[in-house]
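A closer look at the structure
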Amino acid sequence: MELRHLQHFVAVAEDQHFTRAAERLMVSQSGLSASIRALERELRAPLFVRTTRRVALTEAGRALLVEAERILAQVRSAHEAVAAVQGVLRGTLALGTEQCIAGVHVARMLAAFRGRHPDVEIRLRQAGSGALAEEVGAGRLDLAFAYRTQADTDQLRSVPLTSEPMTVLCHPGHRLAAAGAVLTPQDLAGEVFVDFHPDWGPRRTTDAAFAAAGVRRTVALEVNDVHSLLDLVDENLGIAVVPRHFRHKRPSLTARPLKGTGEAEYATVALLPPDRATSPAARALVTLLETGGGAGGLAPPQDGPQTS
């Protein structure tokens, strides 16, 4: 089995299309098809179901994809480790993050990293914490800034970034704006909620807090970006429970501390694979954070306007 066969297989699996994968790999479509056929002959199993419009993985293909991604990630790490020993950090840093993650200014940190390691190609993907944890575990990402849960695989390790309490945001004309300074989940029973998709860290934190308090809530308005959430609350279409630093993004909204949830906090971390599988580029990024080179390092957010 040749590495190029695995590279070709992963590209087709990602694009679900031979022509697009061939263009991305800069190989002929006939050569790509021959490479996949050679892999299927060696494994004695079909890897794709082919149609005129797209291709889909078979059960054998799905099983191979997990291992192929891990193998290619290990090979990439080996090349990068040798380059690092020679005194030059090269290769790729594949980074994932949730939107507006607390504890690190991602853009500023990446600019500082590029200044120190210009030969490293940076790739960035934004997604929910659940998807990011899976991609780090599978070797598709070197590191991710995300919310850590007990459900995450033990194959992941984490570097703490920060933690902060959850806050209720509402329109100034909402009844809760005139309520007491501190709210509990019981005070929010029956309210219309705006929230993120269940994969997001803030949603996971809020769901867990309300479940622990024994209060049922229904998310009527579900979004996948911070500013849409704030817009909906700003139009008094619902309330939101979010990490405290979100309140500084829309000062016109009323913010109330949320108590009575077992003091559940939104805790963010840098997720990495086991130490032996961590790429040199990811190690360098963590070092940058820990030494304060990445826009304040790992300091918790201050009780003031946030830019992350």
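So, here is what we can say about the structure in this document. (Residues numbered from 1 in each chain as written. Predicted model: local features only at pLDDT ≥ 70, side-chain atom pairs only at ≥ 80, totals over all residues. Heavy atoms only, no water.)

Let us look at helix α6 (residues 129–138). α6 sits mainly inside the fold: seven of its 10 residues count as buried. Remark: Gly 139 follows α6 within two positions and exhibits a positive phi of approximately 90°. (Buried < 20%, exposed > 50% of the residue type's maximum accessible area, 1.4 Å probe, protein only. Helix = DSSP H or I, 4+ residues; strand = E, 2+ residues; numbered from the N terminus.)

Our next topic: the side chain of Arg 203. Note that Arg 203 resides in helix α7 (residues 201–213). Accessibility expressed as a relative area gives 10% for Arg 203, which makes it buried. Of note is the side chain of Arg 203, whose polar atom sits 2.6 Å from the backbone oxygen of Phe 196. (Polar contact = N/O pair within 3.5 Å; in protein donor to acceptor, adjacent residues only side chain to side chain.)

In this sheet, strand β4 (residues 120–126) lies alongside strand β3 (residues 91–97) in parallel orientation, the contact comprising seven bridges. Its bridge partner being in β4, Leu 93 is matched across the sheet by Ile 122. Between the parallel elements β3 and β4, the chain passes through helix α5 (residues 106–116) in a crossover that is right-handed. (Pairing = 2+ DSSP bridges. Right-handed = clockwise from strand over helix to strand, strands pointing away.)

With 13 residues, α7 ought to run about 18 Å at 1.5 Å a step, and its terminal C-alpha atoms sit 19 Å apart, in line with that. Taken together, the buried positions of α7 are occupied by Gly 201, Pro 202, Arg 203, Thr 205, Thr 206, Ala 209 and Phe 210. Of the residues one or two after α7, Gly 214 is the one with positive phi, at around 75°. (Expected span 1.5 Å × (residues − 1).)

Moving on: unusual backbone geometry. For Arg 44, which is not a glycine, the phi torsion comes out positive at approximately 55°. Among the secondary structure elements, Arg 44 is positioned in the loop between α3 (29–43) and β1 (48–50). Since its relative accessible area comes to 79%, Arg 44 is described here as exposed. A positive phi angle, close to 50°, is found at Cys 100, a residue other than glycine. Structurally, Cys 100 is set in the loop between β3 and α5.

Attention now goes to the environment of Ser 279. For Ser 279, the location among the structural elements is in the loop between β11 (265–272) and α9 (280–290). Taking the relative accessible area as the measure of exposure, Ser 279 reaches 1% and is therefore buried. As a C-alpha pair, Ser 279 and Leu 141 span 138 residues in sequence and 10.0 Å in three-dimensional space.

Take the pattern of salt bridges next. Applying the stated criterion to the full structure yields 17 salt bridges. With its nearest N and O atoms 3.6 Å apart, the salt bridge here joins Asp 199 to Arg 204. Ionic pairing is found between Glu 222 and Arg 203, a salt bridge with its closest N-O pair at 2.9 Å. Of this pair, Glu 222 sits in strand β8 (residues 219–223) while Arg 203 sits in helix α7; the two residues are 19 residues apart in sequence, bridging distant segments of the chain. Glu 222 gets classed as partly exposed once you look at its relative accessible area, which sits at 38%. A single network of salt bridges, built from pairs that share partners, joins Asp 195, Arg 203, Asp 207, Arg 217 and Glu 222. (Salt bridge = Lys/Arg side-chain N within 4 Å of Asp/Glu carboxyl O.)

All quantities given are derived from atomic positions and should not be read as evidence of function.
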